[in-house]
Structures are given as structure tokens and as C-alpha cells.
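So you can see what is in the structure, the chains are spelled out below.
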Amino acid sequence: MKALEAIKAVSIFQESVLDWHKKEAPHPNPYPEGSLESTLYQKNHIDTIQWHIEDEIRRPDIALEDVVALKRKIDKLNQDRTDMVEKLDDFAIEMFREITPKPDAKLNSESPAWLLDRMSILELKIYHMEEQVSRKDSSATKEHIAKCQAKLDILLDQREDLKKCLDELFSDYSQGIKRVKVYRQMKMYNDQNLNPSLYKNQK
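Residues numbered from 1 in each chain as written. Predicted model: local features only at pLDDT ≥ 70, side-chain atom pairs only at ≥ 80, totals over all residues. Heavy atoms only, no water.

(A) Summary view of unusual backbone geometry. Not every positive phi belongs to a glycine, and Glu24 is a case in point at roughly 50°. Along the chain, Glu24 turns up in the loop between helix H1 (6–23) and helix H2 (36–57). (Helix = DSSP H or I, 4+ residues; strand = E, 2+ residues; numbered from the N terminus.)

So, in C-alpha cells, the structure goes:
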């Protein structure tokens, strides 16, 4: 399996963000089921949905029962997000399965998929900061626009840095300079056998 290029991952994340915002609703995944591209697209779609639920739950006029319902949705999306990250790490393991790490090969503090997770969320930050910079309503002051433009500049710089980090990480893996080692997240709060608040109430 060919190593993923960062520019391709960013392009898929951007496509997902734009697709969701066309109708502010989930969009059919345009990539073959089970492919790396499909997984990247679905990963960002989950992030995009959660982004907007996180916005909604912060409304001061929202009813308490709605807060609870939205919090449960967020918990489910967090689990889905973790599941997608682990699928992406499976792809990374497969990409470099035939590479023998050098004896002094180093580890990376985060797996490729968690770096991709940061890149996915960064594309949402960029999209919504660009929205703020483009606002024309009367409440968007010149000061607000200027502050948002300064933040956008930093986010765009971060995009380039993270792209470089991913490409360098994959290059190190392919040369055996670093070795692929993946840890699973071991999420406990949604597991009926691991969360005491859940299993203590089982009958």
C-alpha cells in the first residue's frame, strides 16, 4: 500500500467539510467503501457533525433535556471518532508492514492517525475562521475581522507545518528511521463493563 501524502489527506478533509456545509447535513461518502480515502472522509465528517453539536450545546437558551440529548450525541461521536482513528492506524500499519526498522529506530509520540485527527480538526478551524473573516453583518466590527484574520494566518501556517510533519513521519517509517507502534485508546466511559456508573446499575 502506497504511503499517504499529506496534501491528499488535507484535500479529502476539505472536501468533506465543504460537502457537509452545502446542506448542513451528512453527505454521501464519494469514495469506495473500506478504502483509505473513504475512511479519511468519514473521519472528518464525524468531526464536522460534532463541531456543530458542540456549538449548539453552548446556546444559553437551550432546554436542559436538550443538553442531555446533545451530550449523549457527543459521547457517541467521540467513540466513533476514536474508532475511525484506529482504522486509520490500521492503514498505517499495513503501509509499512514490509519495512524492517533499523536497530536504533525511534518511536513517535503520536501515531499517524492522531496526527491526521489534528489535521482534520484544523481544517474545520480554518473553514470557520474564514467565515468570520468574511462576515458582512453589522456585529462583525473591523477589530473582530482583524483579530480573526490574525488567527487565520496562524491556522494556515499550522496547516503547512502539520502537512510537513506527516510527510516526514511517513518518510522516516519508509526508511526504517522510525518504527510504527500503535496504542489503542482503551476508552472506558462508553463500555458497560468498564464504567462503574454503568455496570453497578446493571441487573
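(B) Geometry of the nonpolar core. By size, the foremost hydrophobic cluster in this structure holds 31 residues, and its most contacted members are Leu4, Leu40, Leu116 and Met119. Of all the secondary-structure elements, those providing two or more residues to this core are H1, H2, helix H3 (64–95), helix H4 (112–133) and helix H5 (142–175). Once residues within four sequence positions are removed from consideration, Leu116 is found in contact with Leu4, Ala9, Phe13, Leu40, Leu88 and Leu166. Grouped together as the second largest cluster of nonpolar side chains are 8 residues, Ile46, Ile62, Ile74 and Met84 included. (Core = buried A, V, L, I, M, F, W, Y, C linked by side-chain atoms within 4.5 Å. Buried < 20%, exposed > 50% of the residue type's maximum accessible area, 1.4 Å probe, protein only. Contact = heavy atoms within 4.5 Å.)

(C) Representation of the packing of H1 against H5 in the model. It is the contact of H1 with H5, at a shortest axis distance of 8 Å, that shows an interaxial angle of 130°. With respect to each other, H1 and H5 are oriented oblique. Note on element contacts: H5 touches H1 through Arg159, Lys163, Leu166 and Asp167, opposite Ala6, Ile7, Val10 and Gln14. (Axes fitted to C-alpha atoms, helices over the stretch in contact; angles between N-to-C directions. Parallel < 35°, antiparallel > 145°, perpendicular 65-115°, else oblique.)

(D) Inspection of the pattern of salt bridges at higher detail. Counted under the stated rule, the structure contains 15 salt bridges. Arg135 serves as the salt-bridge partner of Asp137, at 2.7 Å between the closest nitrogen and oxygen. For Glu143, the salt bridge goes to Lys147, with nearest N and O atoms at 3.6 Å. Separated by 4 residues within a single helix, Glu143 and Lys147 lie in helix H5, roughly one turn from each other. For the pair formed by Glu143 and Lys147, the shared burial category is exposed. Linked by salt bridges that have partners in common, Lys43, Asp47, Arg81 and Asp117 make up one network. (Salt bridge = Lys/Arg side-chain N within 4 Å of Asp/Glu carboxyl O.)

Keep in mind these values describe shape, not function.
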